Amino acid sequence: MPDYMFLLESRLSPEQRAVMMRVQELSAQMGFNLYLTGGTVRDLITGASLRDLDFTVEGNPTKIARELEKGGAKILYEDEKLRHIEVLFGGDVEGSISGARDDHYVRPGTRPEIRWSTIMEDLRRRDFSLNAIAISLNPASRGLLLDPTNGLSDIERGEVRALTIHSFTNQPVRLLRVLRFSSRMGFKLEGRTQEWFDLAIERELHKTISSEDAGGELRAVAREERPTVVLKAWEQHDLMEAVNSNLAKRHPDYDAITRLMKVREDMFTAGFRPRLATPMLLAILGRLKDREQGGVLSKAGYRSAESDTVLSFAQEADEAAKELSGRKMNAPIDAYRFLEKMPLDQVAFLLAESRNSTALSKIRAYLNKWRPVRIGLPGVAQELQTLGMERGAKFDAIVEQVFAMQLTGRGKTPEEREKILRKLSGIKEAPKKKEKKGAKTAEKGHTAAAGKHTEASAAAAKAATKAHHRERLGAGKPAAKAAPPSRGKPAAGAKKSGGRK
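Residues numbered from 1 in each chain as written. Predicted model: local features only at pLDDT ≥ 70, side-chain atom pairs only at ≥ 80, totals over all residues. Heavy atoms only, no water.

So, about the confidence of the model for the protein. When pLDDT is averaged across the protein, the result is 87; 86% of the residues are at 70 or more. In the predicted structure, residues 475-501 sits below a pLDDT of 50 and forms one contact with residues beyond four places in sequence or in another chain. (pLDDT = per-residue confidence, 0-100. Contact = heavy atoms within 4.5 Å.)

If you want it as structure tokens, here you go:
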């Protein structure tokens with residue numbers, strides 16, 4: 001059996017891990033049993049990226065949400081009736097906290113009666129088996145996998161399975177949802193689920209999907225990593241009309257969606273994780289006129305403030321691009337500071353849609369050049385500290401000055417940075433020690449004598465080598481014959497005879 005807790009913690013980002021630990025701590029203090037559920041567990045098992053954290057508590061999640069707000073979390077959406085709260089946790093981690101509940105239907109197709117329940121009842125009332133899996137985060141059972149509907153087997157087979165024959169009758173919006181999950185994951189519908197799906201379409205249950213439910217699916221598809229495959233699946237099954245009639249006639253702007261998806265991949269490569277729900281929603285509605293876009297959002301259940309945020313998004317991004325390309329942003333450090341505060345979804349939107357070449361060049365420089373330089377700034381601080389300057393306000397100001405120079409191409413080598421750091425900090429190089437004149441003269445004499453001795457030794461060695469070479473040549477040749485002595489003259493070295501004859 002896999003160690004799901006180890007698997008989970010190894011896949012979580014540091015920010016997600018901190019959020020999970022904080023929610024565990026609060027739940028324990030309040031006496032609530034806590035579980036990780038839904039999409040988080042499904043994505044963990046399938047190996048998909050963990051985009052958000054979905055928690056379920058056996059109790060009222062509102063108390064936990066209020067404590068999280070005190071620590072900087074932001075409540076994005078709250079359904080008091082269903083006790084469901086969508087939260088933007090610290091570290092820009094998205095997720096939700098829900099109370100465990102059971103939906104009781106008096107008869108199929110009627111509105112359910114909400115009852116607060118245990119985690120096992122909560123899992124059994126869910127839409128599909130792959131969403132009915134949980135991992136316990138409680139001290140006594142931490143890491144225990146709860147799978148009452150055998151969803152793990154369905155995931156292994158690559159199937160989406162509805163939990164009851166009345167699944168689509170009770171909630172027709174599941175017709176959209178089942179296609180969203182199957183398209184995203186590349187799964188097929190399980191045999192009986194396919195039959196129930198076809199029967200629901202035949203009975204035209206998709207025409208009974210409420211505008212708010214359809215709006216919830218529109219929100220969800222805007223957060224998908226590959227919204228195109230979901231939207232085309234809806235169109236293939238003639239379900240886009242259930243989302244919005246204008247969108248069904250005009251069709252989503254697939255070119256704009258593709259551009260934005262490409263930008264997201266580039267930003268991922270550069271180390272950024274933008275949330276693109278708003279610009280992606282605008283891309284989906286890109287073929288509609290402004291007034292028609294407002295009508296879609298209104299019917300989809302968007303509040304007035306939410307609609308205004310979406311509809312004014314493009315104009316605000318264009319105004320930011322104009323400011324970025326203005327004279328005040330000529331210095332790279334000024335452009336960097338401006339982009340550092342700019343929302344990532346606006347950055348992505350401009351990269352996908354803007355024609356302002358000056359702004360685009362600065363954005364690309366920020367993503368691919370300036371940010372890597374900023375990441376290496378602690379190394380500059382270490383170099384300054386090595387020179388002997390203590391940390392403080394002046395220390396930090398000098399490091400920032402060096403960063404501004406690096407954005408213009410200066411200070412690339414350690415030697416150049418050292419000169420800049422010494423100049424800004426006023427730290428001079430230590431003077432070299434001067435040697436005494438007598439000692440220097442003696443050293444010169446000693447050096448000259450050593451040089452002469454070296455030359456003499458080299459000459460002697462050279463002469464010895466030549467002599468040795470001659471000896472070897474002499475040893476290799478045969479001895480020469482002695483010439484016969486000439487008449488009348490004794491040979492050289494011959495002894496003379498004693499008297500005349």
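There is more to say, and it comes next.
Glancing now at the pattern of salt bridges. Applying the stated rule across the entire model yields 28 salt bridges. For K70, the salt bridge goes to E67, with nearest N and O atoms at 3.2 Å. Of this pair, K70 and E67 both sit in helix α4 (residues 61-70), three residues apart, roughly one helical turn. Residue class for E67 comes out partly exposed when judged on its relative accessible area of 27%. Among the charged side chains, a salt-bridge network with shared partners connects D127, R177, R180, R184, E217 and E224. (Salt bridge = Lys/Arg side-chain N within 4 Å of Asp/Glu carboxyl O. Helix = DSSP H or I, 4+ residues; strand = E, 2+ residues; numbered from the N terminus. Buried < 20%, exposed > 50% of the residue type's maximum accessible area, 1.4 Å probe, protein only.)

Attention now goes to the side chain of D127. Assignment of secondary structure puts D127 in the loop between α5 (119-124) and β8 (134-136). Taking the relative accessible area as the measure of exposure, D127 reaches 9% and is therefore buried. A polar contact of 3.4 Å, which involves the side chain of D127, links it to the side chain of R177. Discounting chain neighbours no more than four positions away, the residues touching D127 are R161, A162, L163, S167, R174, R177 and F181. (Polar contact = N/O pair within 3.5 Å; in protein donor to acceptor, adjacent residues only side chain to side chain.)

Another point: the packing of helix α8 (residues 174-185) against helix α11 (residues 227-236). Contact geometry for α8 and α11: axes closest at 9 Å, N-to-C directions at 135 degrees. The orientation of α8 with respect to α11, classified from their angle, is oblique. As α8 packs across α11, the resulting crossing turns out to be right-handed. Residues L176, L179, R180 and S183 of α8 form the contact with α11, whose participating residues are V229, V230, A233 and W234. (Axes fitted to C-alpha atoms, helices over the stretch in contact; angles between N-to-C directions. Parallel < 35°, antiparallel > 145°, perpendicular 65-115°, else oblique. Left-handed = near helix turned anticlockwise from the far one by under 90°.)

Among the nonpolar cores identified, the biggest contains 124 residues, and F55, F89, W234 and I284 are the most heavily contacted of them. Once residues lying within four places of it in the same chain are set aside, the contact partners of I284 are V221, A222, L231, L247, P252, D253 and I257. The next biggest cluster of nonpolar side chains, apart from the first, holds seven residues, and it includes Y35, I119, L123 and L146. (Core = buried A, V, L, I, M, F, W, Y, C linked by side-chain atoms within 4.5 Å.)

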